[in-house]
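# Close look at the chain arrangement
Take a look at the letters that make up each chain.
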Amino acid sequence: MFRCGIAYPRCRWIAPLLLLFAIIFDIIAIAATSGWVEDEDAKSHYANMWKHCRGRNDHWDCKSLMTFSWAQAVAALMILGLIILIVAFIISCIALCRTVNVTLLPVIGILLLIAVILQVIALIIYPVKFNELIFEGHYDYTWAYGFGWGATVMMIGCIILFCCLPRYEDDMLGLAKTKYIYSSA
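Numbering of residues begins from 1 in every chain and follows the order in which that chain's sequence is written. With pLDDT at 70 or above as the cut-off, local features in this predicted model cover only qualifying residues; side-chain atom pairs require 80 or more to be listed or tallied, and sums for whole chains, interfaces and linings still use all residues. Remark: hydrogens and water are excluded; side-chain values derive from all non-hydrogen atoms of the structure.

## Quick word on the overall build of the protein
Heads up, the rule is: Numbering of helices and strands runs from the N terminus, with a helix taken as a DSSP run of H or I at least four residues long and a strand as a DSSP run of E at least two residues long. Think of it in three bands: residues with accessible area under 20% of the maximum for their type are buried, residues over 50% are exposed, and the middle band is partly exposed, with areas taken using a 1.4 Å probe on protein chains only. Throughout, a residue-residue contact means that at least one pair of heavy atoms, one from each residue, lies within 4.5 Å.
Secondary structure summary: the protein contains five helices and seven strands in total. Going from the N terminus to the C terminus, the protein shows its helices and strands as β-α-β-β-β-β-α-α-β-α-α-β. Scored against the burial criterion, the 185 residues of the protein give a buried share of 39%. Taking as baseline every contact in the protein between residues at least 6 positions apart, the subset at least 24 positions apart corresponds to 71%.

And the structure:
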């Protein structure tokens, strides 16, 4: 006897949890001081969203990237995306954790779509402009930049989830009969 099905009531808790992880990933990406990019060969140059530093060991000469308009735009887009993501998380907790409010789920999906658009623009502008203005050899994009993309990909998955969940309101509330994908006699 093997039965497999989708447990929709769990989505009530998993969806806000995924948004919480996306918030954590975004905060890590924005606050990372170790850098979004680093020089592959000599480890003598790295840059994060806020500054770029050159040097070795304990002797680093750091300059702010905020003098460049593209860096200001990247910072503004990432922070604005994070704020929208936090608002979407709060609304998802209200809509799913206490009682199921299906009318708020598409609103959350739209908020997440706006945040994704902002962050994709920021995550594309950064490497293009960095390579255009500061590039001096071969650079690797680090885990901090990857966390920015990780949060964005997680939000894309949540957009799909929040747009599909309103169709399964009865399933989430436990009012519908369980539909099994596979059952053996």
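## Some points on the state of the cysteines
Stated precisely, the cut-off is as follows: Any two cysteine sulfur atoms lying within 2.5 Å of each other are counted as a disulfide.
Evaluation of the coordinates by the stated rule reveals one disulfide. Covalently, Cys53 is tied to Cys62 through a disulfide, its sulfur atoms 2.0 Å apart. Measuring handedness by torsion sign, the sulfur bridge of Cys53 and Cys62 sits at about 110° and is right-handed. The exposure class assigned to Cys62 is partly exposed, which follows from its relative accessible area of 37%.

## Regarding the packing of helix 2 (residues 69-98) against helix 3 (residues 105-133)
Selection rule: Each axis is a line fitted through C-alpha atoms, taken for helices only over the stretch in contact, and angles between the N-to-C directions span 0 to 180 degrees. For this classification, under 35 degrees means roughly parallel, over 145 means roughly antiparallel, 65 to 115 means roughly perpendicular, and everything else is oblique. Handedness of a helix crossing follows the sense of rotation of the near helix relative to the far helix, less than a right angle counterclockwise being left-handed and clockwise being right-handed. Residues are grouped as follows: nonpolar covers Ala, Val, Leu, Ile, Met, Phe, Trp, Tyr, Cys and Pro; charged covers Asp, Glu, Lys and Arg; every other residue, Gly included, is treated as polar.
At a minimum axis distance of 8 Å, the contact between helix 2 and helix 3 shows a crossing angle of 160°. Taken together, helix 2 and helix 3 sit at an angle that is classed as roughly antiparallel. The handedness of the crossing between helix 2 and helix 3 is left-handed. For the contact of helix 2 with helix 3, a count of residues per class yields 27 nonpolar, three polar and one charged.

## Quick notes on the UniProt feature "transmembrane region" (unreviewed entry) in the protein
The criterion, for reference: UniProt positions are given in the numbering used here, feature names are shortened, and annotations may be inferred rather than shown by experiment.
Within this numbering scheme, the UniProt entry marks residues 12-37, 73-97, 104-126 and 146-165 as carrying the feature "transmembrane region" (unreviewed entry). The span residues 104-126 shows a helical share of 96% and a strand share of 0%, and its end C-alpha atoms are spaced 33 Å apart. Taken end to end, residues 146-165 is 95% helix and 0% strand, and its two terminal C-alpha atoms sit 28 Å from one another.

## A look at the sheet that holds strand 6 (residues 139-141)
Condition: DSSP-based pairing: two strands are paired if at least 2 bridges between them are found.
Reading across from one edge, 5-4-3-2-6 is the order of the five strands in this open sheet, with antiparallel pairing throughout. Here the strands that pair on one side only, and so sit at the sheet edges, are strand 5 (59-64) and strand 6. Along the sheet, successive strands turn relative to each other by an average axial angle of 20°, direction set aside. In this sheet, strand 6 lies alongside strand 2 (residues 37-39) in antiparallel orientation, the contact comprising three bridges. Bridging across to strand 6, Asp39 finds its partner in Tyr139. Packed onto the sheet, helix 3 meets strand 2, strand 3 (45-47) and strand 6 and runs at close to 170° relative to strand 6.

## Details of a nonpolar patch on the surface
Heads up, the condition is: Exposure above 30% relative accessible area and the lack of any salt bridge qualify a residue for a patch; like charges then connect within 9 Å, and the nonpolar side chains Val, Leu, Ile, Met, Phe, Trp and Tyr within 5 Å. Areas reported as accessible are Shrake-Rupley estimates using a 1.4 Å probe. Residue values count occlusion only from the protein chains shown. Between Lys or Arg on one side and Asp or Glu on the other, a salt bridge is scored when a side-chain nitrogen of the former is within 4 Å of a carboxyl oxygen of the latter.
A grouping of Leu17, Leu20, Phe21 and Ile24 is seen on the molecular surface, where their side chains present a nonpolar patch of about 310 Å² in accessible area. Following the sequence through the fold, Phe21 ends up in helix 1 (residues 11-31). The exposure class assigned to Phe21 is partly exposed, which follows from its relative accessible area of 38%.

## Let's talk about the environment of Ile94
Here Ile94 shows up in helix 2. The sequence separation of Ile94 and Leu104 amounts to ten residues, and the corresponding C-alpha distance is 8.9 Å.

## Focus on the environment of Leu111
Mapped onto the secondary structure, Leu111 falls in helix 3. For the pair Leu111 and Ile159, spaced 48 residues apart in sequence, the C-alpha to C-alpha distance is 8.8 Å. Contact partners of Leu111, with chain neighbours within four places excluded, come to Ile84, Val87, Ala88 and Ile91.

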